[in-house]
Number of protein chains: 2
Amino acid sequence: MQYYGAIEAGGTKFVCAIGDEALNVIERVSIPTTYPEETMTEVINFFKNYELKSIGIGSFGPIDINKESKTYGYITSTPKTAWKDFDFIGSVKEYFDVPIAFTTDVNASLYGEYQKGIAKNVDSAVYYTIGTGVGGGAMMNGRYIQGLSHPEMGHMSIKQHEDDDFEGNCPFHHTCLEGLASGPAIEKRAGIKAKDIEEQDKTWDMVAYYIAQAAYNTTLMLSPEKIIFGGGVMHQDHLLDKIHKQFEILNNGYLNLPPVETYIVKPSLNDDQGVIGCLGLAQSEYK
Amino acid sequence: MQYYGAIEAGGTKFVCAIGDEALNVIERVSIPTTYPEETMTEVINFFKNYELKSIGIGSFGPIDINKESKTYGYITSTPKTAWKDFDFIGSVKEYFDVPIAFTTDVNASLYGEYQKGIAKNVDSAVYYTIGTGVGGGAMMNGRYIQGLSHPEMGHMSIKQHEDDDFEGNCPFHHTCLEGLASGPAIEKRAGIKAKDIEEQDKTWDMVAYYIAQAAYNTTLMLSPEKIIFGGGVMHQDHLLDKIHKQFEILNNGYLNLPPVETYIVKPSLNDDQGVIGCLGLAQSEYK
């Protein structure tokens, strides 16, 4: 029997999976992200046991998604130096001569939710990961929003909270969304682990304010039907409610939108959205 | 002979035009925006002399562009009370039973530049009008970016300049892009007419900073091939250069982009982009 292959390539680990036509995960493996030679050897060994129709890759980035480019399928200027200029598609193609879909990790997660999750019945949706970094992807009528390159929404310019004097930790933009609201930014500001910051601490009001601005600017620019926030920071259960409240304050009645609880949501696939998305992308690429 | 009709409906004036297959403007008229009955009577009288294939409307807003909606083709919650809930398509259809395209004024201008102007050979472009208000539209592979509704980019949340203590003049969001950088915001801050503010005045550095943030957030969210800034405020010849400089500072080498002079540009059709866009939309609607 033939299967689809998924590679969800994150900065900490690669999750590889085998899936069927219904995008069910049949087998999976988690491989630490070390050096390309080492990590990719394990990736190849995992897939060797199967006959694959196609493979879908969702990768940390920045990546080159321009099919006309000489470096299409590469990870480009990542701060993870071992992976800089890594020919991702090429290194897979060497062993598996099948169609390969290639996009960002966050676009893959979005596609998972779009295929089988909370964005299943909508025409347009945006997905953010708020974690070690902040990334975003958008889809409209089944196509990714992209142009010269993929979006980099995590570096959006937003207002800093009046009580926040944190200098920001983005090396390029200091107090952009990622510089103010990523996991490392939260911990650096508070001086303790995010999980140890109390629910009532004003840190969370600041973080909610930043994420709500991201949601509001997304609404103003794309007017999607759904905005999904995933990633480690969103594992704080109280945070989504705070984001909803800040979003309503920002909108101040200007736009007539769906109820905020159904509009700004968390992913619904138990952190499987990335691999399911990669399987879905593999399936589209095959067809 | 049959022609295409264009209605560029602005808050101050309506420009109506007749065009041929090559989207050349054959005749035009400018009509003050007063009350629907009065203005529309003049609009209808202008078109009565021609046999029309179809009509393209680019309207001030907000407007209802959802074809499934009962109020499709209406101007909705505009502060211009006489035009609130005005059935624009219906009032034209009553006299001309031809296909009618309906979009925002800024989307029409974008389409003009996309058809015959500075965005002619690109797959994705964004157009902002910085004038009495601030509006934006985006196109990707020949389709408008929209979802629940059309974009409202003018109300984007951005950082306020450290030397700017202006309270902003957007009734909903105070210091959003429009609240800080529209024509009225510039004049209220300076206390004099925009045309009387000297080129070296720091007002323009602030305005450039705000418009550059709009451009940068647009790049991060949509990654278009071209960003176009039109509208009255952009008639200040020195401003574009200041925006370019601020944009480079904001990017700080993070994204690899085309030269800023070819990436962030002004419209190229001598303020005809709106009517040409409406003619183009009429043509697509007919086909």
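Further up the page is the structure itself.
Residues numbered from 1 in each chain as written. Chains lettered and ligands numbered in written order. Predicted model: local features only at pLDDT ≥ 70, side-chain atom pairs only at ≥ 80, totals over all residues. Heavy atoms only, no water.

Peer 1: Got a sec to walk through the sheet that holds strand β7 (residues 100-104) of chain A? Specific residues and values, please.
Peer 2: All names here are of chain A. With mixed pairing, five strands are arranged side by side in an open sheet as β3-β2-β1-β4-β7. Of all the strands in the sheet, just β3 (25-32) and β7 have a single pairing partner and so form its edges. Across the sheet, the mean angle separating the axes of adjacent strands is 15° when strand polarity is ignored. Direction of pairing for strand β1 (residues 2-9) relative to strand β2 (residues 13-19): antiparallel, over a ladder of six bridges. Residue pairing in the sheet places glutamate 8 in a bridge with valine 15 of β2. The strands touched by helix α1 (residues 36-47) within the sheet are β1, β2, β3 and β4 (51-59), with β2 carrying the most contacts at an inclination of about 10°. (Pairing = 2+ DSSP bridges. Helix = DSSP H or I, 4+ residues; strand = E, 2+ residues; numbered from the N terminus. Axes fitted to C-alpha atoms, helices over the stretch in contact; angles between N-to-C directions. Contact = heavy atoms within 4.5 Å.)

Peer 1: Can you explain the interface of chain B and chain A? Please cite residues and give values.
Peer 2: Buried accessible area, meaning the area lost when the parts come together, often serves as the stated size of an interface. Across the boundary between the two partners, chain B contributes 43 residues, which contact 43 residues of chain A. Together, the buried faces of chain B and chain A total about 3700 Å²; carbon and sulfur atoms form 60% of this surface. For the chain B face of the interface with chain A, the top three residues by lost area are Leu148, Met221 and Tyr254 of chain B, together amounting to 21%. Summed over the shared surface of chain B and chain A, the number is zero salt bridges. Our enumeration of links across chain B and chain A arrives at 26 residue pairs in polar contact (both at pLDDT 80 or more). A total of seven residues in the side of chain B that touches chain A trace back to one element, the largest contributor, which is helix α6 (residues 202-222) of chain B. Looking at side-chain class alone, the side of chain B that touches chain A contains 22 nonpolar, 17 polar and four charged residues. (Buried area = accessible area lost by both parts, 1.4 Å probe. Salt bridge = Lys/Arg side-chain N within 4 Å of Asp/Glu carboxyl O. Polar contact = N/O pair within 3.5 Å; in protein donor to acceptor, adjacent residues only side chain to side chain. Nonpolar A, V, L, I, M, F, W, Y, C, P; charged D, E, K, R; others polar.)

Peer 1: Describe the relation of the copies chain B and chain A, and please don't skip the residues or the numbers.
Peer 2: In screw terms, the move from chain B to chain A is a rotation of 180° and a rise of 0.0 Å along the axis, fitting with an RMSD of 0.0 Å. Such values leave the two copies arranged in the relation of a two-fold axis. The share of interface residues of chain B whose copies in chain A are also at the interface is 100%, consistent with both copies meeting through the same surface. (Least-squares fit on C-alpha atoms with pLDDT ≥ 70 in both.)

Peer 1: So what's going on with the pairing of β1 of chain A? Residues and values would help.
Peer 2: Looking along a regular strand, one sees side chains alternate from face to face of the sheet. Residues and elements named next belong to chain A. A large share of β1 lies buried, amounting to seven of its eight residues. In the sheet, β1 pairs with β4 via eight bridges, with the strands oriented parallel. For glutamine 2, the partnering residue across the bridge sits in β4 and is glutamate 51. The hairpin turn running from β1 into β2, its antiparallel successor, is three residues long. (Buried < 20%, exposed > 50% of the residue type's maximum accessible area, 1.4 Å probe, protein only.)

Peer 1: Just give me the short version of the packing of aromatic side chains, but keep the residues and values in it.
Peer 2: Residue and element names in this part refer to chain A. A complete count under the given rule lists 38 aromatic pairs over all chains for this structure. Ring plane angle 35° and centroid distance 5.3 Å describe the contact between phenylalanine 14 and tryptophan 83, whose orientation is recorded as tilted. With a gap of 69 residues between them, phenylalanine 14 in strand β2 and tryptophan 83 in the loop between β5 (74-75) and β6 (86-87) connect regions that are remote in the sequence. A single burial state applies to phenylalanine 14 and to tryptophan 83, both of which are buried. (Phe/Tyr/Trp six-rings, centres within 6.5 Å; stacked < 30°, edge-to-face > 60°.)

Peer 1: Any chance you could break down helix α6 (residues 202-222) of chain A for me, citing the residues and the numbers?
Peer 2: All names here are of chain A. With 21 residues, α6 extends 30 Å between its outermost C-alpha atoms, agreeing within 8% with the 30 Å of an ideal straight helix rising 1.5 Å per residue. Buried residues dominate α6, accounting for 19 of its 21 residues. Serine 223 sits one or two residues past α6 and shows a positive phi near 50°. (Expected span 1.5 Å × (residues − 1).)

Peer 1: Go over the pattern of salt bridges, please, and point to the residues and values.
Peer 2: Taken as a whole, this structure holds 16 salt bridges over all chains when the rule is applied. Between aspartate 272 of chain A and arginine 28 of chain A there is a salt bridge, with the nearest N and O atoms lying 2.7 Å from each other. In this pair, aspartate 272 of chain A sits in the loop between β12 (264-265) and α9 (273-286) while arginine 28 of chain A sits in strand β3, placing the two residues 244 residues apart along the sequence. Glutamate 187 of chain B serves as the salt-bridge partner of lysine 193 of chain B, at 3.8 Å between the closest nitrogen and oxygen. Using a relative accessible area of 27% as the deciding quantity, one classes glutamate 187 of chain B as partly exposed.

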